[in-house]
Amino acid sequence: MPYFNVSVPLKLKILTYHFNKDIDLTGFAVQVPLKNRVVDGIVIKKLDKKPDEVPQTKEIHSIIGEAYNKKFIEFLKWMSFYYISEIGSVVRSTFFEEVIHLIKGKNYKRTSKKQSLSEENTALPQLESCFLNNETLSKIIDTKREGQYKTFLIHCPNFFYEMKLMLEVVTTISSSDGTILLVLPEIKDAQKLFNFLKGCNIQAVLLHSEMKRAELLSSIKEIIEDKVKVIVGTRFAVFAPVKKLSLIMLAQESSWLYKAEETPRYHARDCAVMRGFIECCPVVLTDFMPSTTSYYNALRGKYELIDDFNQLKHPDIKILRQPYQTIFHPEVLLYLKLYHKEGILVTSPRSGYSLIRCSECREVIKCEQCGYSMVFHKSSGLLECFRCNRVIKMYEQCPYCMGVDIHPVGVGVERIIDELKQIFSKKQTEINEIDLNSEKVHGICVGQAGKIKTGYHSRFKGAIILDFDFFISIPDYRTLENAFARVLSISQLVKENGSLFIQTRNPTADIFKFIRSYNFKDFYLYELKHLKETDFPPFSRIVKLMVKLKKTGLKETLDKLKEFLKTHITGEVIGPLKHTNTDEFVFILRSKDKRKLTEDLTTALGKLINFKEIAIKVEVDPVSLKI
DNA sequence: GAATCCGGTGAG
DNA sequence: TCACCGGATTCC
């Protein structure tokens with residue numbers, strides 16, 4: 001009698017069932033008994049005999065129909081292996097529920113032809129006129145024609161270029177065989193590209209997490225009926241149940257938005273590459289600041305690098321020493337006075353007015369709960385902690401030494417605006433906090449550097465990044481690439497003949513050598529050398545374990561757990577570290593032998609079932625080591 | 001995800 | 001003594 005490994009969309013491993021007909025049901029949705037109810041599941045594999053470890057099997061209740069093809073099942077199995085996650089959780093993060101619903105033929109409310117989604121931002125005016133390297137375009141199209149797996153990493157001059165490339169590829173080949181998948185990190189960008197494609201009469205569907213159920217069902221219906229040529233979506237679109245994929249394009253490949261927040265904590269870029277590999281179709285990753293990891297993959301020949309960064313001219317970058325007494329460097333001040341009419345962007349790493357320091361004990365006021373520096377808001381007289389969201393009234397005296405001279409240090413958006421208003425009179429120029437939705441650029445705009453996204457606002461004459469040191473002082477192994485990316489996202493808002501000023505207390509730091517001249521190649525080599533010396537990814541794999549102690553659990557179980565991990569894992573075991581906001585504990589595992597770490601941890605977690613007093617969540621390739 | 005198991009609690 | 005509970009466990 002044939003047996004079948006079935007996965008149900010629950011946090012549950014494979015279950016084995018028998019069925020009286022000897023047909024291969026792999027990829028079929030089935031109804032199976034579970035405890036004393038009947039649930040929907042998906043057949044992962046056909047077995048010829050019952051596995052020994054399974055005591056007894058129940059019978060498959062009924063067959064719903066074919067849900068996924070074999071390649072997609074392979075993809076799900078890889079996800080489960082790589083992210084050390086129950087296959088059921090993987091199935092749950094796909095569009096399984098929707099697919100089942102549709103093959104069962106249930107009725108669903110049709111969305112009216114008019115999209116309920118806002119269309120105000122439909123226009124991507126610069127896109128049509130945007131320059132594109134035709135060589136790059138034909139390379140992608142030729143590879144797509146060959147129908148083989150291959151990954152390109154395209155270093156684009158800006159985000160528009162990435163969008164333009166998607167658009168051109170789609171308009172050139174959308175009429176050919178197979179479906180093209182376009183993935184973007186942000187919903188609003190996916191929405192815009194989708195609207196734009198619709199405007200060009202290209203048959204496309206949208207997939208993002210804020211769509212209503214009926215809209216999502218309608219998109220999935222078109223996909224499983226093989227009626228669409230193009231899918232535009234955010235990270236979970238990599239699970240689109242497409243019959244035949246012909247090309248995957250993923251923009252902003254370095255974006256941390258591609259990392260899923262729930263288990264399995266997959267990374268959409270890595271999934272896209274694996275999906276392309278399994279489906280035998282090319283994958284195109286683009287970014288204006290590719291991740292060091294992807295660059296490394298290009299260097300070792302895993303991806304083909306196409307460097308289009310210098311296809312467009314970029315603004316000059318000037319590194320200036322942050323003065324001690326004033327906020328602006330004299331050169332910046334002069335620039336502001338000369339060009340404020342043409343629009344200048346001033347950014348600071350933090351909102352609010354400033355931090356507060358006591359001149360007697362030299363302490364910066366920190367949050368009592370989490371130790372994070374608190375931000376002072378002058379207008380409201382409050383101190384705010386951005387990590388744990390605590391708000392308190394501004395102190396009258398230093399809380400540490402009772403000193404009376406506590407004063408602002410560092411610059412926030414509020415303080416910059418204050419300062420600028422003192423320099424310029426109201427008539428001279430307009431000074432505003434940047435409005436991300438507004439297209440108009442004039443006067444001086446002030447914004448928090450971290451919140452300024454690569455947007456659609458037109459271009460500034462110049463931009464100034466204040467207190468850049470904040471970005472390079474974050475203790476993380478990816479700090480420098482993130483800091484460089486920050487500079488680039490701001491430089492994109494500046495006209496090509498404009499200027500970008502960076503104020504720092506340490507202008508001789510290595511990173512500025514690369515930033516100043518947009519020298520990516522040497523930057524990546526510098527970073528990779530450092531990462532190799534310190535055994536960080538891509539030269540090792542890191543796995544974060546989030547451990548929750550159950551009621552019965554004692555602190556000493558953590559020590560026992562650490563011992564257990566140390567004996568079962570070849571590699572480093574760091575922890576336990578107390579998580580600041582939750583009652584969880586964190587272990588960091590790291591090994592140069594990537595595959596072995598995954599395998600070791602898989603077996604270790606299997607044995608940990610005997611550890612009753614803990615619950616563990618696994619995060620493979622965490623985006624940051626921040627606890 | 002939900003039925004069931006299990007150990008602790010408290011009213012009678 | 002047993003009904004009741006909440007958390008842990010298990011599902012093939």
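Here, the structure is the one placed above.
Residues numbered from 1 in each chain as written. Chains lettered and ligands numbered in written order. Predicted model: local features only at pLDDT ≥ 70, side-chain atom pairs only at ≥ 80, totals over all residues. Heavy atoms only, no water.

Student: I'd love a proper account of the protein's contact with DNA strand B, names of residues and values included.
Tutor: Every residue close to DNA strand B is listed here: L10, L34, K35, N36, R37 and R92. Of all atoms in DNA strand B that approach within 4 Å of the protein, 68% are sugar or phosphate atoms. Within the side chain of K35, one N or O atom sits 3.3 Å away from a base nitrogen of DNA strand B. Tallied by class, residues from the surface near DNA strand B come to 2 nonpolar, 1 polar and 3 charged. (Near = heavy atom within 4 Å. Polar contact = N/O pair within 3.5 Å; in protein donor to acceptor, adjacent residues only side chain to side chain. Nonpolar A, V, L, I, M, F, W, Y, C, P; charged D, E, K, R; others polar.)

Student: Describe in detail the protein's contact with DNA strand C, supporting the description with residues and values.
Tutor: Surveying the vicinity of DNA strand C reveals 15 residues, the closest of which are T16, K35, K58, K550 and K612. Considering DNA strand C, the proportion of its atoms within 4 Å of the protein that are sugar or phosphate atoms stands at 57%. One of the side-chain N or O atoms of K13 is found 3.5 Å from a base nitrogen in DNA strand C. One of the backbone N or O atoms of T16 is found 2.8 Å from a sugar or linking oxygen in DNA strand C. Where the surface near DNA strand C is concerned, the elements lending two or more residues are β2 (15-18) and β3 (28-34). Ranked by the residues each element gives to the surface near DNA strand C, the list is headed by β2, at 3 residues. Residues belonging to the surface near DNA strand C are distributed by class as follows: 6 nonpolar, 3 polar and 6 charged. (Helix = DSSP H or I, 4+ residues; strand = E, 2+ residues; numbered from the N terminus.)

Student: Residues and numbers for the environment of K243, please.
Tutor: With respect to the helices and strands, K243 occurs in the loop between β10 (230-233) and β11 (245-250). Residue classification places K243 among the exposed positions, given a relative accessible area of 52%. Considered as a pair, K243 and N69 are 174 residues apart in the sequence and their alpha carbons are 7.4 Å apart. At 2.8 Å, the side chain of K243 and the backbone oxygen of I224 are in polar contact. (Buried < 20%, exposed > 50% of the residue type's maximum accessible area, 1.4 Å probe, protein only.)

Student: Pulling in residues and values, what's your account of the packing of helix α10 (residues 292-299) against helix α16 (residues 520-533)?
Tutor: Two elements in contact, α10 and α16, have axes whose closest approach is 10 Å; the angle formed by their N-to-C orientations is 100°. By the criterion of interaxial angle, the relationship of α10 to α16 is roughly perpendicular. Here T292, Y295, Y296 and L299 of α10 come into contact with α16, specifically with K521, Y524, L525, E527, L528 and L531. Per-class residue counts for the contact of α10 with α16 are 7 nonpolar, 1 polar and 2 charged. (Axes fitted to C-alpha atoms, helices over the stretch in contact; angles between N-to-C directions. Parallel < 35°, antiparallel > 145°, perpendicular 65-115°, else oblique. Contact = heavy atoms within 4.5 Å.)

Student: Quick rundown of the nonpolar core? Include the residues and the values.
Tutor: Grouped together as the largest cluster of nonpolar side chains are 152 residues, with contacts concentrated most on L182, L197, L207 and V232. Residue contributions to this core peak at 10 residues, all from helix α6 (residues 159-173). One finds F328, L336, L420 and L466 within the second-largest nonpolar core, a separate group that totals 20 residues. (Core = buried A, V, L, I, M, F, W, Y, C linked by side-chain atoms within 4.5 Å.)

Student: Tell me about the sheet that holds strand β23 (residues 460-465), and name the residues and values.
Tutor: With parallel pairing, 6 strands are arranged side by side in an open sheet as β14-β24-β23-β15-β22-β21. Both edges of this open sheet fall to β14 (316-321) and β21 (431-433), since each of them pairs with a single strand only. Sheet twist, expressed as the average angle between the axes of neighbouring strands with direction ignored, equals 20°. In the sheet, β21 pairs with strand β22 (residues 444-448) via 3 bridges, with the strands oriented parallel. Bridge pairing in β22 links E433 to V446. (Pairing = 2+ DSSP bridges.)

Student: Lay out the packing of aromatic side chains in plain terms, naming residues and giving numbers.
Tutor: Counted according to the given criterion, the structure contains 28 aromatic pairs. Between F564 and F611, the ring centres sit 5.6 Å apart and the planes meet at 55°, which makes this aromatic pair tilted. Remark: F611 occurs in the loop between α18 (594-607) and β28 (614-620) and F564 occurs in helix α17 (residues 555-568); sequence separation between them is 47 residues. Overall, F611 belongs to the buried group, its relative accessible area being 14%. The structure contains a cluster of three or more aromatic residues connected by ring pairs, namely Y68, F72, F75, W78, Y82, Y83, F96, F239 and Y266. The ring of F611 has K560 lying over it, and the distance from NZ or CZ to the ring centre is 5.9 Å. The cationic tip of R590 hangs over the ring face of F536; the distance from NZ or CZ to the ring centre is 4.5 Å. (Phe/Tyr/Trp six-rings, centres within 6.5 Å; stacked < 30°, edge-to-face > 60°. Lys NZ or Arg CZ within 6 Å of the ring centre and 35° of its normal.)

Student: Give me the lowdown on unusual backbone geometry, citing residues and values where you can.
Tutor: Of the consecutive residues P537 and P538, the connecting peptide bond is found in the cis state with omega at 10°. The topology assignment puts P538 in the loop between α16 and β25 (541-549). The step from G575 to P576 runs through a cis peptide bond, and the omega angle for that step is 0°. Tracing the sequence through the fold places P576 in strand β26 (residues 572-578). Unusually for a residue other than glycine, I84 sits at a positive phi of about 45°.

Student: So, the pairing of strand β7 (residues 150-155): which residues are in play, and what are the values?
Tutor: The buried count for β7 comes to 5 of 6 residues, which makes it a mostly enclosed element. Bridge count for β7 against strand β12 (residues 282-287) is 6 bridges, and the pairing is parallel. Its bridge partner lying in β12, I154 is registered against T286. With 4 bridges joining them, β7 and strand β13 (residues 304-307) adopt parallel strand pairing. What sits directly across from I154, in β13, is I306.

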